[in-house]
Each structure stands twice: as C-alpha cells, then as structure tokens.
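Geometric and topological summary
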Amino acid sequence: MSATPATPATPATPAIAPTLSTQSALVLFSGGQDSTTCLAWALSRYQRVETIGFDYGQRHAIELEVRPALLEKMKAFSPAWQARLGEDHMIDLSLIGKISDTALTRDVAIAMQDNGLPNTFVPGRNLLFMTVAATLAYRRGLNVLVGGMCETDFSGYPDCRDDTMKALQVALNLGMATQLKVETPLMWIDKAETWSLAESLGGTALVDLIRADTHTCYLGERGQLHDWGHGCGKCPACELRARGYQQYAARKSAG
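Residues numbered from 1 in each chain as written. Predicted model: local features only at pLDDT ≥ 70, side-chain atom pairs only at ≥ 80, totals over all residues. Heavy atoms only, no water.

The next subject is the UniProt feature "binding site: Zn(2+)" (unreviewed entry) in the protein. UniProt annotation of "binding site: Zn(2+)" (unreviewed entry) refers to Cys217, Cys232, Cys235 and Cys238 when read in the numbering used here. The greatest C-alpha distance among the residues just named is 6.9 Å, despite their covering 22 residues of sequence, which places them together in space. Here cysteine 217 is to be found in the loop between α7 (191-213) and β6 (225-226). A residue is classified by how much of its surface remains accessible, and cysteine 217, at 0% relative accessible area, is buried. Judged by relative accessible area, which is 4%, cysteine 235 ranks as buried. (UniProt positions renumbered as here; feature names shortened; annotations may be inferred. Helix = DSSP H or I, 4+ residues; strand = E, 2+ residues; numbered from the N terminus. Buried < 20%, exposed > 50% of the residue type's maximum accessible area, 1.4 Å probe, protein only.)

So, about the UniProt feature "binding site: ATP" (unreviewed entry) in the protein. With numbering matched to this structure, UniProt assigns "binding site: ATP" (unreviewed entry) to Phe29, Ser30, Gly31, Gly32, Gln33, Asp34, Ser35, Thr36, Thr37, Cys38 and Leu39. Those annotated residues lining the largest pocket are, specifically, Phe29, Ser30, Gly32, Gln33, Asp34 and Ser35. By the element assignment, glycine 32 lies in the loop between β1 (21-28) and α1 (33-43). Residue class for glycine 32 comes out buried when judged on its relative accessible area of 5%. Apart from residues lying up to four places away in sequence, glycine 32 is in contact with Thr214, His215 and Thr216. Tracing the backbone shows leucine 39 in helix α1. Judged by relative accessible area, leucine 39 falls into the buried class, the value being 0%. (1 Å grid on protein atoms, 1.4 Å probe; cavity = no way out; pocket = protein on both sides within 12 Å on 5 of 7 lines; lining within 4 Å. Contact = heavy atoms within 4.5 Å.)

Using the criterion set out here, one finds 7 aromatic pairs in the structure. Ring centres of tyrosine 245 and tyrosine 248 lie 5.7 Å apart, and the angle between their planes is 55 degrees; this geometry places the pair in the tilted category. In this pair, tyrosine 245 and tyrosine 248 both sit in helix α8 (residues 236-254), 3 residues apart, roughly one turn of the helix. Note on tyrosine 245: relative accessible area 14%, which makes it buried. Linked through ring pairs, Phe54, Tyr56 and Phe129 together constitute an aromatic cluster. (Phe/Tyr/Trp six-rings, centres within 6.5 Å; stacked < 30°, edge-to-face > 60°.)

This is the structure we're talking about:
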C-alpha cells in the first residue's frame, strides 16, 4: 500500500499496517531522526508503546528539549498511534558524563583517536541505556526493546553492532529471567533507506516532521533549516544525515 502524501497540518494515516502484535514495546527515544523512525515503526506493530530518554550530560542536550513536542506530534498522525503511545520516561544518567571524556560530553573538537574510533564514541553508553531500559521494561510489563542502532551507516561504534545487541539480549534475559526481545529495525539499512522507511510509515508528513523537528547535530545547533533538517552541517552526524537525505531525494525523483 503506498503512502498518501499529506502536509504536516493534515497528518497522514500510516501506510504500513502489519499484523498488530499483542506484545508491548519500550522505544529508546532520543528525539533524533533514527529514534523517531523507530518509534513510528513500533507504533505500527505493537498495541502498547512507551518511550524512554536519557539525560547523560550530552553536549547536544537540545535533543531532550524537542522530545515532548515530537511525542505529541507523533500522536497526531492517527487515532491508532495516539491510542497506542503511552507514558514517556526520562532517566537521569548524568554519571555517564561525569566518568567519560568524549566530544559528546565535553566541549572539545571532534577527532579520530588512536584506537580508530572517533572521540564522539561514549564508552558503555548503549550498554547502560539498554540495561536501564530493560529494568524499566521489567517493571512496566513491556517485553520488546526497540533501539535505533545501526552498523550500515555509522561511525564504527562497537555498541551499535548487531552482535553487541544480540549478546545484550542474551545477558539481559539471563540476568533477569525474562524473555525480552531486542529489536533494531535500522540495523541493516543506510540513512537513505531510513528516510524511505519513515515515508512508508507516515507518508511525507512524517518525513517533514523528522526534517524540521528532530535533532541529530552533535554540536547542538538548530539555526537554519536545511533540506535535511537543522544542524551545523559539518559534524559527522549532520554529514551522515544530509548525505542520506540527498540520496533518498535522488532515488525518489528517479523512481
């Protein structure tokens, strides 16, 4: 079924309607492009969806400021999404910022390190995120964790890899005697395909929402709205997002 184009003022009915699962999901929702796409993906599949965000002393803390409005706008896409989207949980993980020394937690230039990883890598971040999310899911009776980790278009972060997520799923279930499932819908697609996935889930209205209202820039810049969204346009996150949007737009015009 193809998506019906819509303007942001007239929310689109989600174009993909897979068999609705009786499972319930907790989405790691930062307020960025990937996590917003993952939230739409979860809302199209699960009867009950909650969100979790983390304040870890990130340099681009503006992402936390855009989250509440984004969640309200996601509810407006359809009555079904509004009914399924439940409580949001904001967790204080400032200890990460206190014990790490990275370009995402300090005002330092972004650069490559001797170990081959950029200094935007925050050691242990996703490991801790998933552990805390699993703990909350246990208490809330949620049985699926959804994260935007990807090893197709990424900066080489080891905690974004598929084998890391699979190992975490095993460890979490062993340690809590649960049957949690970790879902990473973006793992094997590039950024252009992530834009396309958003369109398939919520039409052009969702693409426009992601462009204008989400935040990805590592430096926390909003400023000018580019065709791909807000940001400095120079940091790795902006370059990746912009390149993906350009490829998505080119494929769409050609197809």
